[in-house]
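# Structural characterization, general
Chain by chain, the residues:
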Protein chains: 2
Amino acid sequence: MTTTATTLKGQPLDRQTLDAMLRRRLFFTPAFEIYGGVAGLFDYGPPGCSLQANIVDIWRKHFILEEDMLEIDTTVLTPHEVLKTSGHVDKFADWMCKDPKNGDILRADHFVEDVLESRLKGDKEARGEKVEEEDDPKKKKKRKTKTEAVKLDDNVVREYEEVLAKIDNYNGEELGELIKKYDLKNPATGVQPSPPVAFNLMFQTSIGPSSNLAGYLRPETAQGQFLNFAKLLDFNMQQMPFASASIGRSYRNEISPRAGLLRVREFLMAEIEHFVDPEGGKKHHRFPEVEAIELTLLDRHTQLAGKTDVKKMTIGDAVRNKVVDNETLGYFLARIHLFLQKIGVDMSKVRFRQHMENEMAHYAADCWDAELLTSSGWIECVGCADRSAYDLSVHAKKTGAPLVVRERLDEPLVFEEWQVEIDKKKFGPQFKKDGKTVEAALEATTQEQREKLAKQLTDNGELELEVAGVGSGTVKVSKDLVKIEFRKRIENTREYTPNVIEPSFGIGRILYSLIEHVYWNRATEDGGDEARGVLSFPPTVAPTKVLIVPLSANKQFQPFVNKISQKLRKIGISARVDSSSATIGKRYSRNDELGTPLGITIDFQTVQDSTITLRDRDSTKQVRADEDTIIAAIQSLVTGAKEWKDVAAELPAFEGQEVDVTVR
Amino acid sequence: MTTTATTLKGQPLDRQTLDAMLRRRLFFTPAFEIYGGVAGLFDYGPPGCSLQANIVDIWRKHFILEEDMLEIDTTVLTPHEVLKTSGHVDKFADWMCKDPKNGDILRADHFVEDVLESRLKGDKEARGEKVEEEDDPKKKKKRKTKTEAVKLDDNVVREYEEVLAKIDNYNGEELGELIKKYDLKNPATGVQPSPPVAFNLMFQTSIGPSSNLAGYLRPETAQGQFLNFAKLLDFNMQQMPFASASIGRSYRNEISPRAGLLRVREFLMAEIEHFVDPEGGKKHHRFPEVEAIELTLLDRHTQLAGKTDVKKMTIGDAVRNKVVDNETLGYFLARIHLFLQKIGVDMSKVRFRQHMENEMAHYAADCWDAELLTSSGWIECVGCADRSAYDLSVHAKKTGAPLVVRERLDEPLVFEEWQVEIDKKKFGPQFKKDGKTVEAALEATTQEQREKLAKQLTDNGELELEVAGVGSGTVKVSKDLVKIEFRKRIENTREYTPNVIEPSFGIGRILYSLIEHVYWNRATEDGGDEARGVLSFPPTVAPTKVLIVPLSANKQFQPFVNKISQKLRKIGISARVDSSSATIGKRYSRNDELGTPLGITIDFQTVQDSTITLRDRDSTKQVRADEDTIIAAIQSLVTGAKEWKDVAAELPAFEGQEVDVTVR
């Protein structure tokens with residue numbers, strides 16, 4: 001699903017230039033690189049680490065603090081039995097093919113996708129249409145044979161496009177059929193790979209010195225939250241609904257990790273489990289606050305029809321029209337939308353895609369992914385699923401722990417109904433080994449049946465019941481063994497297993513997509529000859545807020561550098577000093593690449609009158625004022641209270657160093 | 001090393017009561033408890049999670065921000081080769097014994113410690129001395145045989161005490177000898193366990209679908225920092241010294257995890273790697289700022305003499321007297337001291353213990369642990385080691401990556417020396433397979449040897465050199481193959497491998513020890529009959545800062561609750577509302593157990609005049625004022641700008657609810 005990638009300013013996005021810049025500035029780097037690296041493992045350098053911390057901090061405020069969620073921190077190591085019960089041991093797998101010639105291991109869905117996309121591209125070339133360059137350099141390199149310009153039948157083109165639109169909907173067998181049907185071959189060898197087999201994605205280990213307790217690294221943080229449900233409900237003083245949340249690493253042994261942060265084997269997740277009463281339509285009391293928010297939706301019907309056309313719709317309408325299953329799910333979709341907006345994601349590159357039936361876990365009631373458009377296509381960054389009561393139910397069943405809510409009813413419920421009362425002491429001796437079966441058959445009778453059976457007892461002193469597998473199939477029970485009477489039953493409490501709405505965030509994917517969204521290139525605007533990358537992070541998200549540059553190594557500047565650094569540190573604003581010998585312009589350029597939104601210059605005028613200049617990364621405009629005025633301006637920009645245009649309107653512009661900036 | 005544990009107020013600390021309280025308030029809880037739990041794995045509930053986040057936040061400000069350290073975030077999954085090179089595959093092990101009768105697996109040093117301590121206790125009983133109760137309930141339970149009151153020889157007592165003082169200094173063989181010498185038996189079976197064998201503590205897994213890349217879960221975050229050294233030096237624009245830092249989980253497959261958070265298998269670490277030039281005595285430019293700080297030190301000589309007497313000494317004196325190896329190490333010991341003080345640790349329960357020679361890694365120059373006194377004895381919470389150039393050197397050697405600093409010299413260094421110049425073209429054909437060996441032997445000659453060899457060349461036209469394993473052991477080289485001349489060599493750069501000072505923090509151990517240090521019991525002070533626990537966390541560290549309690553469920557109070565919550569949230573102060581039907585006193589009591597330092601009560605007077613009361617957790621005193629005054633007071637208390645006594649002096653005291661509080 002490669003698409004035309006563009007920068008924040010609409011320029012074509014050159015992935016290789018961006019990657020080189022991110023490596024140069026140490027946003028992230030392949031882990032263990034001096035040992036040759038390990039696919040799918042990345043380390044975050046200082047700017048990436050800080051960017052990640054800022055995104056997590058905003059996430060925590062936006063979700064956890066805003067809604068008093070219960071944050072918990074659970075272990076990654078998880079014993080076998082837990083993940084067996086949750087279904088991960090049996091089902092958490094991807095489909096994997098092997099090339100019989102060179103032993104290449106391929107992820108089946110990606111393989112089908114790649115080959116069909118390549119054929120469609122070849123078709124376009126043959127038709128003389130404009131073909132987009134492949135943006136992912138790793139992918140380009142991997143595909144060893146060049147796309148061949150072969151024209152396809154119009155019908156075939158349509159078929160391929162339909163397959164691609166619902167690629168996530170196929171199981172292993174179906175992928176195997178596609179491989180055969182379209183005779184798909186590994187470009188590296190020209191050979192058709194073996195039929196797909198399931199490969200479990202969990203990393204396995206063993207716990208304890210005797211190595212007999214099998215365990216896994218968790219593939220998600222969710223299970224740790226479910227297992228603590230009863231304790232959390234207690235902690236929340238039995239109040240429903242409530243949500244727990246966890247921020248922590250999870251692990252998936254990906255078959256073929258992609259280059260970069262988009263498919264890695266170790267990653268940071270932030271997950272919410274919102275527990276809600278399944279009765280009453282899963283309403284949310286804050287839904288009215290969000291219902292006017294317009295989302296971009298790609299529903300399952302559109303995808304199954306082989307299309308990818310999105311609809312714009314308010315979340316209020318989407319829930320009313322049953323496009324989105326319920327209010328609570330809709331509430332979280334809107335909150336996710338607001339979060340992405342807050343951290344600076346380009347909202348024209350966001351869509352919410354609904355899972356198709358086969359794609360969704362069998363227990364899920366509905367599921368939507370927030371997808372962000374990048375140079376590698378639409379990337380799932382947030383999942384938001386209604387997991388129903390599945391997880392709590394299976395763990396409760398397995399362990400016997402009561403993972404339920406007991407709600408005291410304001411008005412007791414009174415039921416008038418036919419009740420069966422069995423005299424167990426007599427029942428056993430009478431029916432021997434069939435006792436339990438007959439008992440169960442009696443208990444399973446409907447109200448209508450019971451009314452009739454009660455009449456039989458009164459009339460005949462016994463009842464006749466069909467019980468498959470016992471004697472002739474019909475059993476007689478006399479009235480000294482059973483009573484069936486019309487009685488009142490009063491219930492003071494209601495017991496239920498909550499349903500779970502789960503918004504689940506892949507922080508690394510969001511972080512990388514955000515970088516692409518805020519990236520642009522100054523050269524093409526200024527007409528300069530050298531590409532000069534800029535990352536226009538909002539100040540709240542930017543790894544470092546302020547760059548402090550003394551004009552030169554002159555010792556007179558040092559006291560000002562120290563004083564300003566200390567003042568900024570005291571109000572909790574991260575700043576870095578660059579007193580290297582590079583020109584002011586070069587130093588600012590370096591920090592444009594780091595996404596530092598503000599820059600302070602200390603020059604000879606500073607020494608005379610204690611004024612300093614403040615530079616805006618995006619416009620490169622500067623203002624000049626005394627130290628405290630500038631620091632106050634920085635604080636208002638960093639907290640989001642003001643924008644640059646407000647500051648530029650209030651403080652005198654400074655033109656002096658512009659010369660330096662433009663000639664760099 | 002069980003000692004008398006006391007609360008913050010000097011009361012005897014009852015470990016079982018504290019544990020029950022921490023579980024009740026969900027600070028932490030055994031992971032997977034509904035599945036029977038897994039030893040050494042714990043989940044943090046909301047207060048524990050928040051406490052941990054606050055400790056980490058203070059750590060980050062105290063260390064990373066204060067000194068512009070480069071924070072990075074590296075992967076837990078680590079390939080075999082990296083940990084083979086670092087020495088962990090071969091040496092990261094504990095000594096393990098097996099009981100041949102019941103198969104119990106015992107950690108050898110703990111086993112020796114436990115049995116000897118039990119014998120010493122039996123001796124005290126036999127002598128009629130007062131014996132401390134065992135504080136660790138898990139330990140009590142595990143030790144199945146009761147301590148027998150058997151009097152020991154005075155010499156034996158001294159011997160046992162000396163062994164215990166240096167228990168960390170024994171290797172496996174020595175522990176085995178102790179077991180035999182003192183005939184130590186597993187109390188559970190009365191049988192002597194098998195000789196200790198090494199058990200590697202790393203969790204193993206395999207990476208990738210073909211399962212052929214062996215890997216481990218990292219046992220420390222340090223290696224990820226070392227591997228990125230060259231990139232970090234670049235990022236720091238080649239400036240030395242600098243430090244990297246990482247906060248993340250590490251894993252150790254402990255042989256016998258202890259109850260609670262003190263010895264767990266998955267834990268959060270915060271580690272600093274400070275890279276310093278090994279020349280010039282490892283000075284630190286900020287050492288003068290800390291040199292007057294007095295630390296409590298237990299040096300290695302004292303321990304080897306079988307004693308545990310501590311010395312109080314300023315870090316300035318300790319470095320001057322060579323008790324602590326160098327300024328940089330000393331600087332960090334003082335900074336660790338300040339950090340522990342800042343988070344509320346009882347400084348009378350802190351000591352810095354120096355590692356003994358055998359205890360320290362062979363490459364380490366010096367190592368000190370900050371130990372905190374708890375009901376389980378002195379617990380290592382922070383390690384601070386001078387790892388010398390070991391790690392960078394072994395990784396550089398293995399990979400060929402230049403993990404070095406190249407420093408441009410202000411004045412070039414001029415060497416006048418005998419230099420060997422070999423004519424390699426002729427050398428090979430002449431010596432054939434021995435060429436490399438002879439070459440190496442020539443290169444390895446000393447200045448004195450070269451002077452003599454040069455004379456031989458001039459005098460005889462050839463030189464004679466001993467080269468073991470080549471021909472007769474003596475080789476002749478003629479002057480057309482080699483020149484040896486006295487020449488000038490000029491060096492403009494100096495290349496060196498930095499040394500590493502590593503402060504390494506176990507966050508979970510610090511968190512638990514801190515809880516014990518701030519815990520006390522109100523009942524014994526008030527004379528009440530029920531134990532009422534209080535956790536006197538400093539406000540900066542407390543999980544929640546403010547409790548908001550409406551007097552009753554009366555609807556008039558709700559708008560005030562909402563408004564105050566919102567105002568506090570806006571200034572980033574975490575608050576929780578308790579509008580349950582419990583009495584005000586009960587609700588405050590609950591929050592004393594959670595360590596919430598401040599409480600706001602909304603009562604009928606609030607509805608009339610908008611004033612609210614503010615309660616201090618530690619004194620239970622209250623003041624009353626209008627909303628904004630109280631919120632300003634809260635802010636100054638939470639940031640540490642004011643203490644309660646300042647607020648109590650400024651605002652009118654309120655006595656009203658004290659009745660309620662005292663009768664609860």
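What you see as residue numbers is a count from 1 along each chain, following the sequence as written. Chain letters start at A and ligand numbers start at 1, both assigned in the order the entries are written. In keeping with the model being predicted, local features are shown solely for residues with a pLDDT of at least 70 and side-chain atom pairs are shown and tallied solely at 80 or more, while totals for entire chains, interfaces and linings include all residues. Each side-chain value is derived from all of the structure's non-hydrogen atoms; neither hydrogens nor water enter the calculation.

Going by an unreviewed UniProt entry, chain A carries the name glycine--tRNA ligase and comes from Colletotrichum zoysiae. UniProt positions are given in the numbering used here, feature names are shortened, and annotations may be inferred rather than shown by experiment. In its Sequence similarities (unreviewed entry) section, UniProt records this for chain A: "Belongs to the class-II aminoacyl-tRNA synthetase family."

### A look at the overall build of chain A
Across its full length, chain A carries 26 helices and 29 strands. Burial classes: relative accessible area under 20% of the type maximum marks a residue as buried, over 50% as exposed, and values in between as partly exposed (1.4 Å probe, protein chains only). A total of 664 residues make up chain A; the buried ones form 56% of that total. We call two residues in contact whenever any of their non-hydrogen atoms come within 4.5 Å of each other. Put simply, 69% of the contacts in chain A that link residues at least 6 apart link residues at least 24 apart. With the model as given, the accessible surface of chain A reaches about 29300 Å², and the carbon-plus-sulfur share is 49%. For chain A, the distance from the average site of its 93 positive side-chain charges to the average site of its 105 negative ones is 3 Å. Secondary structure elements are taken from DSSP: a helix is a run of H or I of four residues or more, a strand is a run of E of two residues or more, and numbering for both begins at the N terminus. To measure how exposed things are, a 1.4 Å probe is used in the Shrake-Rupley method; for residues, cover is taken only from the protein chains shown. When charges are counted, Lys and Arg are positive and Asp and Glu negative, with His and the chain ends excluded. Charged groups are reduced to one reference atom each: NZ for lysine, CZ for arginine, CG for aspartic acid, CD for glutamic acid.

### Some thoughts on the packing of aromatic side chains
Residues and elements named next belong to chain B. The rule is short: rings of Phe, Tyr and Trp, with Trp giving its six-membered ring, pair when the centres are within 6.5 Å, and they are stacked under 30 degrees, edge-to-face over 60, tilted in between. Taken as a whole and judged by the stated rule, the model has 36 aromatic pairs over all chains. With a centroid separation of 6.4 Å and an interplanar angle of 75°, the aromatic rings of F28 and Y512 are classed as edge-to-face. Separated by 484 residues along the polypeptide, F28 in strand β1 (residues 28-30) and Y512 in helix α19 (residues 507-518) bring together distant segments of the chain. Classification of F28 by relative accessible area gives buried; the value is 8%.

### Regarding helix α7 (residues 154-165) of chain A
Residues and elements named next belong to chain A. For α7, which comprises 12 residues, the first-to-last C-alpha distance of 17 Å matches the rise-based estimate of 16 Å (1.5 Å per residue) to within 8%. Along α7, the residues that are buried comprise V157, Y160, V163, L164 and A165. Tucked into the core, α7 has its buried residues touching α5 (108-126), α8 (172-181) and α12 (300-304). One less than the number of residues in a helix, times 1.5 Å, gives the span that helix is expected to have.

### Remarks on the relation of the copies chain A and chain B
It takes a turn of 179° to lay chain A on chain B, together with a shift of 0.0 Å along the axis; the resulting RMSD is 0.7 Å. As the rotation angle and translation indicate, the two copies are arranged about a two-fold axis. Minimal C-alpha distance to the rotation axis in chain A is attained by T205 of chain A, lying at 2.4 Å. When the interface residues of chain A are mapped onto chain B, 100% of them again fall at the interface, so both copies present the same face. Superposing the copies works by least squares over the C-alpha atoms of residues that have pLDDT at least 70 in both of them.

### A few points about the sheet that holds strand β12 (residues 294-298) of chain A
Residue and element names in this part refer to chain A. Think of it this way: DSSP has to see at least two bridges between two strands before they count as a pair. Strand order in the open sheet formed by nine strands is β3-β10-β11-β21-β16-β15-β14-β12-β13, with mixed pairing between adjacent strands. The strands lining the two open edges of the sheet, one partner per strand, are β3 (70-71) and β13 (311-314). Looking at chain direction, β12 and strand β14 (residues 350-354) are connected through two bridges and run parallel. Considered in β14, the bridge of L298 is made with R353.

### Quick look at the sheet that holds strand β3 (residues 70-71) of chain B
All names here are of chain B. One open sheet accounts for nine strands, arranged β3-β10-β11-β21-β16-β15-β14-β12-β13; its pairing is mixed. Edge positions in the sheet fall to β3 and β13 (311-314), since each of these pairs with one other strand and no more. In terms of strand pairing, strand β16 (residues 377-388) meets strand β21 (residues 499-506) through six bridges, oriented antiparallel. Each bridged residue has a counterpart across the sheet, and for A385 the counterpart in β21 is E502. On the sheet, helix α2 (residues 46-65) packs against β3, β10 (242-251), β11 (266-276) and β21 and is oriented at approximately 0° with respect to β11. Inter-axis angles, ranging from 0 to 180 degrees, are taken between N-to-C directions of lines fitted to C-alpha atoms, where helices are fitted over the stretch in contact.

### Thoughts on the interface of chain A and chain B
Between chain A and chain B, the residue contacts involve 74 residues of the former and 75 residues of the latter. For this analysis, a salt bridge means a side-chain nitrogen from Lys or Arg found within 4 Å of a carboxyl oxygen belonging to Asp or Glu. Linking chain A with chain B are four salt bridges, by the criterion used here. E33 of chain B is the partner of K231 of chain A in a salt bridge, and the nearest nitrogen-oxygen pair spans 2.6 Å. With five residues, the top contributor of residues to the side of chain A that touches chain B is helix α2 (residues 46-65) of chain A. Following the grouping adopted for this structure description, the nonpolar residues are Ala, Val, Leu, Ile, Met, Phe, Trp, Tyr, Cys and Pro, the charged ones are Asp, Glu, Lys and Arg, and the polar ones are all others, Gly among them. Considering only residue class, the side of chain A that touches chain B consists of 38 nonpolar, 18 polar and 18 charged.

### Re the pattern of salt bridges
On inspection of all chains with the given rule, the structure shows 123 salt bridges over all chains. Its salt-bridge partner being K282 of chain A, residue D386 of chain A comes within 2.7 Å of it at the nearest N-O pair. You can see D386 of chain A sitting in strand β16 (residues 377-388) and its partner K282 of chain A sitting in the loop between β11 (266-276) and α11 (287-290), a full 104 residues away along the chain. For D386 of chain A, a relative accessible area of 0% corresponds to the buried category. With relative accessibility at 10%, the residue K282 of chain A sits in the buried group. Across the pair R353 of chain B and E359 of chain B runs a salt bridge whose closest N-O atoms are separated by 2.5 Å. We classify R353 of chain B as buried; its relative accessible area is 5%. Assessed through its relative accessible area of 18%, E359 of chain B is described here as buried. Taken together, the shared-partner salt bridges in this structure form one network comprising D168, R351, R353, E359, D369 and E371 of chain A.

### Notes on the environment of F203 of chain B
Secondary-structure assignment places F203 of chain B in the loop between β7 (197-200) and β8 (204-207). Sequence-wise, F203 of chain B and P47 of chain B are 156 residues apart; in three dimensions their C-alpha atoms are separated by 29 Å. What F203 of chain B contacts, discounting residues up to four positions off in sequence, is L77, T205, S206 and I207 of chain A together with G215, Y216, L217, Y251, R252, N253 and R265 of chain B.

### Some details on the environment of G428 of chain A
In this fold, G428 of chain A is placed in helix α16 (residues 424-431). When the C-alpha positions of G428 of chain A and V438 of chain A are compared, they lie 10.0 Å apart, and in sequence the two are 10 residues distant.

### Description of the nonpolar core
Remark: nonpolar core denotes a set of buried residues (Ala, Val, Leu, Ile, Met, Phe, Trp, Tyr, Cys) joined through side-chain atoms within 4.5 Å. Judged by nonpolar contacts, the single largest core of 94 residues is most densely connected at W59, I315, F339, F505 and F537 of chain B. Considering every element that reaches this core, the biggest residue donor is helix α14 (residues 327-343) of chain B, with nine residues. Contact partners of F505 of chain B, with chain neighbours within four places excluded, come to W59, F63, L268, M269, A270, I336, F339, C381, V382 and I510 of chain B. Counting residues in hydrophobic clusters, the runner-up holds 93 residues, among them L18 and I55 of chain A together with A222 and L232 of chain B.

### Re the packing of α2 of chain B against α19 of chain B
Residues and elements named next belong to chain B. Following both chains from N to C, one finds α2 and α19 inclined at 110°, their axes separated by 10 Å at the closest point. Overall, the two elements α2 and α19 adopt an arrangement that is roughly perpendicular. Residues G48, L51, Q52, I55 and V56 of α2 touch α19, and the partners they reach there are I507, L511, L514 and I515. Here the residues of the contact of α2 with α19 sort into seven nonpolar, two polar and no charged. Small angles under 35 degrees read as roughly parallel and large ones over 145 as roughly antiparallel, with 65 to 115 read as roughly perpendicular and the rest as oblique.

### Let's talk about unusual backbone geometry
It is generally the case that most residues other than glycine have a negative phi and that most peptide bonds are trans. The linkage connecting M240 of chain A with the following residue, P241 of chain A, adopts the cis geometry, with an omega of -10°. By secondary structure assignment, the location of P241 of chain A is in the loop between α10 (229-235) and β10 (242-251). One non-glycine residue, S610 of chain A, lies in the positive phi region at around 60°. Examined against the element boundaries, S610 of chain A turns out to sit in the loop between α23 (604-609) and β27 (611-616). Residues other than glycine seldom take positive phi values, yet L26 of chain B does so here, at roughly 60°. Of note, L26 of chain B is situated in the loop between α1 (15-24) and β1. We classify L26 of chain B as buried; its relative accessible area is 5%.

### Things to note about the side chain of R615 of chain A
Residue and element names in this part refer to chain A. Residue position: R615 is located in strand β27. Assessed through its relative accessible area of 3%, R615 is described here as buried. In terms of polar contacts, R615 uses its side chain to reach the side chain of D592, at 3.2 Å. N or O atoms closer than or at 3.5 Å make up a polar contact, with two conditions inside protein: a donor-capable atom paired with an acceptor-capable one, and, for residues adjacent in sequence, both atoms drawn from side chains.

### Quick word on the side chain of S513 of chain A
Residue and element names in this part refer to chain A. Topologically, S513 is positioned in helix α19 (residues 507-518). A distance of 2.8 Å separates the side chain of S513 from the backbone oxygen of R509, its partner in a polar contact. The residues touching S513, leaving out its near neighbours within four places in the chain, are L262, L372, T374 and C381.

### A few points about the state of the cysteines
Linking two cysteines covalently through their sulfur atoms gives a disulfide. Residues and elements named next belong to chain A. Sulfur atoms of two cysteines make up a disulfide when they are within 2.5 Å. In this structure the tally under the stated criterion is zero disulfides over all chains. Free of any disulfide, C381 has its nearest neighbouring cysteine sulfur in C367, separated by 14 Å. For C381, a relative accessible area of 3% puts it in the buried group.

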